[in-house]
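Letter by letter, the chains look like this.
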Amino acid sequence: MPLPSALWWLEESGPARWRDLELSRLRLDQAYVRVYNEAEGDPLWLYSLSEDCHECPFRRQADVSGLGPGGGPHVLTVDTARAATWRVLDNGDNATIPRDAARWESACEVPAALGEFGVYDLHVNGTDCTLHTALKPANIYFPLASVAVALLFLAVLHGAVSLLASCFGRRQRRRREAKRQAASSAPRREVEHLHHGLQDYKVQMNGRKLLDADSPSASPSPSSSIAASPAAPTPARRRVRSVDVVRGISIVLMMFVNHGAGGYWFLGHATWDGIYVGDLVFPWFLWVMGVCIPLSVRPQLARGASRCRLLLSVIRRSLVLFALGVALTSLSTRRLESLRVMGVLQRLGVAYLVAASLAVLLTPRRWGAAAVDADKGRSPGMFADVVALLPQWVVVLALAAAHVVAQLILDVPGCPRGYMGPGGMHMDGAHANCTGGFAGYVDKLVLGVEHLYPTPGSHAVYGSGPFDPEGLLGCLTSVLQVFLGVQAGSALVTFPSWRSRVVRWFAWAVILAVAGVCGWYFGGIPINKSLWTVPFVLLTSSLALVLLCVCYLLVDVWRCWTGSPFLYPGMNALVMYCGHQLCYQLFPFHWQLGPMNTHLMVLLENVWGTLLWIIVAVLLYRRKVFVSV
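Residues numbered from 1 in each chain as written. Predicted model: local features only at pLDDT ≥ 70, side-chain atom pairs only at ≥ 80, totals over all residues. Heavy atoms only, no water.

### A word on the overall build of the protein
Of the regular secondary structure elements, the protein holds 18 helices and 11 strands. Relative to its 629 residues, the protein shows a buried fraction of 45%. For the protein, the proportion of contacts with a sequence separation of at least 24, taken over those separated by at least 6, is 71%. Total accessible area on the protein stands at roughly 32,100 Å², and carbon and sulfur atoms take up 63% of it. (Helix = DSSP H or I, 4+ residues; strand = E, 2+ residues; numbered from the N terminus. Buried < 20%, exposed > 50% of the residue type's maximum accessible area, 1.4 Å probe, protein only. Contact = heavy atoms within 4.5 Å. Areas by Shrake-Rupley, 256 points an atom, 1.4 Å probe, with all protein chains shown as cover.)

This is the structure in structure tokens:
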């Protein structure tokens, strides 16, 4: 019996047992397929090709010759996360079959887009294959929509409560201020009365007629009393909260993706080429780190800070980030002969070292002074932020060009020139040991295979072996990613008008998006996070600029959103990242209940762990605890 319609969001398919099939044994993104061989005497083998494996061969899955165990159909458990193409062959000698293999040896071919917890019947009759749905699968998107609506409701409720609390707080403050003014007015009147009496007494004693103390010309005017009081201090520059909000969005998404992203493939990382949701968080974090560089460096240069001192601070911070990254990678293994050298924090440290050093050494002091004094009457030129960074642009573009030349032109032993594929089964296994092209070759040559990431995402699909998505060559384009953030941050310190900033950010977003698409479509350079290609950098930076524009308008300009709850993790991003890495297997951040074989349960666990870290960030913010390096 199916579940009541009111429980559709539970992602259940019905009874635990259906027609001698134990549905409770199915895991996440799995289904049963019953294969009926109509010609029972003919040998048949089932081969499959996932849509996620580009230019791959068909792989042998099972022998479906004759009748299955017990005289019935062959019952197979198949993965349903991605669609596939099935090919039934009468010859199963080879583990793989090229995609363009001669069709005479194929009995039939059928597309297979299956659903979780479904039961399907595959009937094979010579050269004819038919696939039918015997039991309707569960809808895995209902839980995602339900949790999203619940989180949106909580966000609206939090906003409404905050608004009411703010209004009530303002009323209370006004009442307290009125009481203080009323309480202080009586002593002031008594002092004025005594003062006036003393003046009259002096007039009588001197025998001279003075100007009456109650006349307007002699009484202290409000303006004179204000002038006599100490000058009000000039308000300090207001912190651009939207930068912290963007950083907070990046770290929250990063924690959610690292926790599992509910088991949804499109919320995770792309296997090789392409951009999914999980591929945005790390480049956004790099980019927003670049935004903060001119906010720190330029005012210090304008105040005459020593470049040598600033450079030493940059080096110290980079070394600390790199050391923290190596320490976190030791969570998987403590053996030095197989310790992974590169990683997320290591890439952050290297990219920050180069980009921040360029800012310290090549930023003119006069531009820093002009930026600081922009609100005192100076009018920066239309391209002042770009002109100030021209020397840095030259260096960064040279690094990006070196990355492109290395990937497209330099030779790799045993691999075709310009190859940037995942290796393994890609292109029918013709370049199995060429994963990543020149990027993979450099990492193996310099770091050694044993110090690379042993199980990247490409390994599960292509069988490509160890490869480091945060390798050495990608550091060149990561510097470009950080520097594009530096360019966005320069608009904040150069132009005082919010309109000028937003217009520039949107213009840069369009320029970078067009350049990225052209580099992919006309230049033949893939959009690839594992290789950190230039089109990938340009497109992710473009999206980051759009996100900054939206947050800046909502938080800093219109002030209709405080940035909560993302503001708090953004103020302690390093604690969030290191903490969720260290507590990956610890309760209450992670738990298991039952088989955990539905997206709903995995999603609830992942959201729970992410929300707990947001609560930790709020507590740190309330106690004014901010950790940085």
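### Observations regarding the side chain of Thr-610
Assignment of secondary structure puts Thr-610 in helix α18 (residues 599-622). Thr-610 sits in the buried class, given a relative accessible area of 5%.

### Section: the nonpolar core
Membership of the largest hydrophobic core comes to 87 residues, with the highest contact counts inside it found for Leu-286, Trp-287, Ile-293, Leu-348, Leu-484, Trp-505 and Leu-545. Leaving out residues up to four positions away in the same chain, Ile-293 has contacts with Tyr-352, Ala-355, Ala-356, Ala-359, Val-482 and Val-486. (Core = buried A, V, L, I, M, F, W, Y, C linked by side-chain atoms within 4.5 Å.)

### Remarks on the sheet that holds strand β11 (residues 128-135)
In space, the four strands of this open sheet follow the order β6-β3-β10-β11, with mixed pairing throughout. For this open sheet the edge positions go to β6 (74-79) and β11, each flanked by a neighbour on one side alone. Strand after strand, the sheet turns through a mean of 25 degrees between neighbouring axes, direction not considered. (Pairing = 2+ DSSP bridges. Axes fitted to C-alpha atoms, helices over the stretch in contact; angles between N-to-C directions.)

### With respect to the packing of aromatic side chains
Taken as a whole and assessed by the stated rule, the structure comprises 18 aromatic pairs. In textbook terms, an aromatic cluster arises when at least three aromatic residues are bridged by ring pairs, as seen for Tyr-141, Tyr-264, Trp-265, Phe-266 and Tyr-276. When the ring centre of Trp-532 is taken as origin, the NZ or CZ atom of Arg-347, which lies over that ring, is 5.2 Å away. One Lys or Arg, Arg-504, reaches over the ring of Phe-495 and ends 3.6 Å from the middle of that ring. (Phe/Tyr/Trp six-rings, centres within 6.5 Å; stacked < 30°, edge-to-face > 60°. Lys NZ or Arg CZ within 6 Å of the ring centre and 35° of its normal.)

### Examining the pattern of salt bridges
A side chain with one charge can pair with a side chain of the opposite charge if their charged atoms come near. This model, assessed by the stated rule, comprises 14 salt bridges. One salt bridge in this structure joins Arg-247 and Asp-244, with 2.7 Å as the shortest N-O distance. Taken as a pair, Arg-247 and Asp-244 lie in helix α3 (residues 241-259) at a separation of three residues, close to a single helical turn. Each member of the pair, Arg-247 as well as Asp-244, is classed as buried. Overlapping salt bridges, with partners in common, bring together Arg-340, Asp-468, Glu-470 and Lys-529 in one network. (Salt bridge = Lys/Arg side-chain N within 4 Å of Asp/Glu carboxyl O.)

### Overview of a positive patch on the surface
Residues Arg-170, Arg-171, Arg-173, Arg-174, Arg-175, Arg-176 and Lys-179 make up a contiguous surface patch of positive charge. By the element assignment, Arg-173 lies in helix α1 (residues 141-206). (Patch = residues over 30% accessible without salt bridge, like charges linked within 9 Å, V, L, I, M, F, W, Y side chains within 5 Å. Lys, Arg positive; Asp, Glu negative; His and termini not counted. Charge placed at Lys NZ, Arg CZ, Asp CG, Glu CD.)

### What to know about the state of the cysteines
Per the stated rule, a full pass over the model turns up three disulfides. The disulfide partner of Cys-108 is Cys-129, and the gap between their sulfur atoms is 1.3 Å. With a gap of 21 residues between them, Cys-108 in strand β9 (residues 106-112) and Cys-129 in strand β11 connect regions that are remote in the sequence. Like Cys-108, the residue Cys-129 is buried in the burial classification. A sulfur-sulfur distance of 1.9 Å marks the disulfide that ties Cys-415 to Cys-434. In this structure the cystine formed by Cys-415 and Cys-434 twists about its S-S bond by roughly -95 degrees; its chirality is therefore left-handed. Here Cys-415 is found in the loop between α9 (390-408) and α10 (426-429), whereas its partner Cys-434 is found in the loop between α10 and α11 (438-446), with 19 residues between them in sequence. For the pair formed by Cys-415 and Cys-434, the shared burial category is buried. Cysteines bonded in the protein are numbered consecutively along the chain; their disulfide partners then correspond to 1-2, 3-4, 5-6. (Disulfide = S-S within 2.5 Å.)

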